Amino acid sequence: MRYDLQGQVALISGAGGSLGEAVARLFAEEGIIVGINDLDPTAAERVAAATQGLALPADITQRAEVEAMVKALVDHFGRLDILVNSAGAKVTPHPLQMLSDEEWHSTLALYLTGTFNCLRAVLPVMLRQHRGRIVNIASICGLAGCAGAAAYSAARPASSA
Ligand SMILES: NC(=O)c1ccc[n+]([C@@H]2O[C@H](COP(=O)([O-])OP(=O)(O)OC[C@H]3O[C@@H](n4cnc5c(N)ncnc54)[C@H](O)[C@@H]3O)[C@@H](O)[C@H]2O)c1
């Protein structure tokens with residue numbers, strides 16, 4: 001079955017990265033208006049230019065930045081129908097006993113707090129509209145665990161896979 005998604009508005013976190021950019025390009029081909037979030041403003045601008053979307057550089061681990069980003073998107077397009085949580089970071093594999101506090105906390109902040117910040121910011125808009133779709137991109141590491149990736153595996157719960 002094929003849905004008519006023309007004119008719907010989507011926010012994609014980490015859309016300057018490989019999966020997020022692919023989603024943004026596919027959405028744009030389907031006529032979906034895309035809000036292109038990334039921590040890296042240059043990447044956000046590049047993908048926004050390629051998809052005729054709106055660049056929304058922001059750090060999703062920061063609640064205030066996420067709320068300002070969602071407000072900017074809704075002020076611009078008047079609605080928000082789809083959220084795709086795709087922000088991520090490269091995993092450097094090493095044994096758990098070598099994992100630093102900083103890496104543990106930053107990984108959980110990105111995948112758990114970042115996703116939570118985005119969900120919390122978009123839900124009032126979607127509830128007001130009585131409409132909304134959310135996709136949390138996860139990983140097989142959240143289901144089975146991946147060797148050398150303790151923080152990443154912990155931050156990718158099976159329920160969101
Ligand atoms: N690529 C794979 O094979 C694969 C497999 C399983 C799961 N995943 C998951 O898919 C998602 C995307 O993977 P990818 O390969 O596109 O990664 P990627 O590294 O290519 O892209 C991730 C993007 O997120 C951005 N980002 C990082 N921190 C951010 C922050 N705080 N705020 C906003 N943006 C931020 C980065 O700048 C980057 O552009 C990740 O969540 C990853 O865990 C990827």
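Just above sits the structure.
This is a predicted model, so every value here is computed, not measured.

A. Representation of the sheet that holds strand β4 (residues 82-85) within the structure. Spatially, the five strands line up as an open sheet ordered β3-β2-β1-β4-β5, and their pairing is parallel. Two strands in the sheet have a free side with no partner beyond their single neighbour: β3 (54-57) and β5 (133-136). Direction aside, the axes of adjacent strands within the sheet are offset by 15 degrees on average. Sheet topology places strand β1 (residues 9-13) next to β4; four bridges connect them, and they run parallel. Note that in β4 the partner of Leu11 across the bridge is Leu83.

B. Inspection of the packing of aromatic side chains at higher detail. In total, this model carries one aromatic pair according to the counting rule given. Geometrically, the ring pair formed by Tyr111 and Tyr152 is edge-to-face, given 5.2 Å between the ring centres and 75 degrees between the ring planes. Residue Tyr111 is found in helix α4 (residues 101-129), and its partner Tyr152 is found in helix α6 (residues 150-154); the two are separated by 41 residues along the sequence. Like Tyr152, Tyr111 is buried.

C. Fine view of the pattern of salt bridges. If you walk through the whole model with that rule in mind, you get six salt bridges. The salt bridge partner of Glu67 is Arg63, with a shortest N-O separation of 2.9 Å. With a gap of four residues between them, Glu67 and Arg63 both fall in helix α3 (residues 63-77), about one helical turn apart. A salt bridge links Asp75 to Lys71; the shortest N-O distance between them is 2.7 Å.

D. Structural detail: the pairing of β1. The element β1 is extensively covered by neighbouring structure, given that five of its five residues are classed as buried. By the alternation rule, side chains of β1 split into Val9, Leu11 and Ser13 and Ala10 and Ile12, which are all buried. Two strands pair when backbone bridges link them, and β1 and strand β2 (residues 33-38) are joined in this way by four bridges, in the parallel orientation. In the strand pairing of β2, Ala10 is matched with Val34. Regarding the hand of the β-α-β motif, the stretch spanning β1, helix α1 (residues 18-29) and β2 is right-handed.

Scoring rules and cut-offs
- Residues numbered from 1 in each chain as written.
- Predicted model: local features only at pLDDT ≥ 70, side-chain atom pairs only at ≥ 80, totals over all residues.
- Heavy atoms only, no water.
- Pairing = 2+ DSSP bridges.
- Helix = DSSP H or I, 4+ residues; strand = E, 2+ residues; numbered from the N terminus.
- Axes fitted to C-alpha atoms, helices over the stretch in contact; angles between N-to-C directions.
- Phe/Tyr/Trp six-rings, centres within 6.5 Å; stacked < 30°, edge-to-face > 60°.
- Buried < 20%, exposed > 50% of the residue type's maximum accessible area, 1.4 Å probe, protein only.
- Salt bridge = Lys/Arg side-chain N within 4 Å of Asp/Glu carboxyl O.
- Right-handed = clockwise from strand over helix to strand, strands pointing away.

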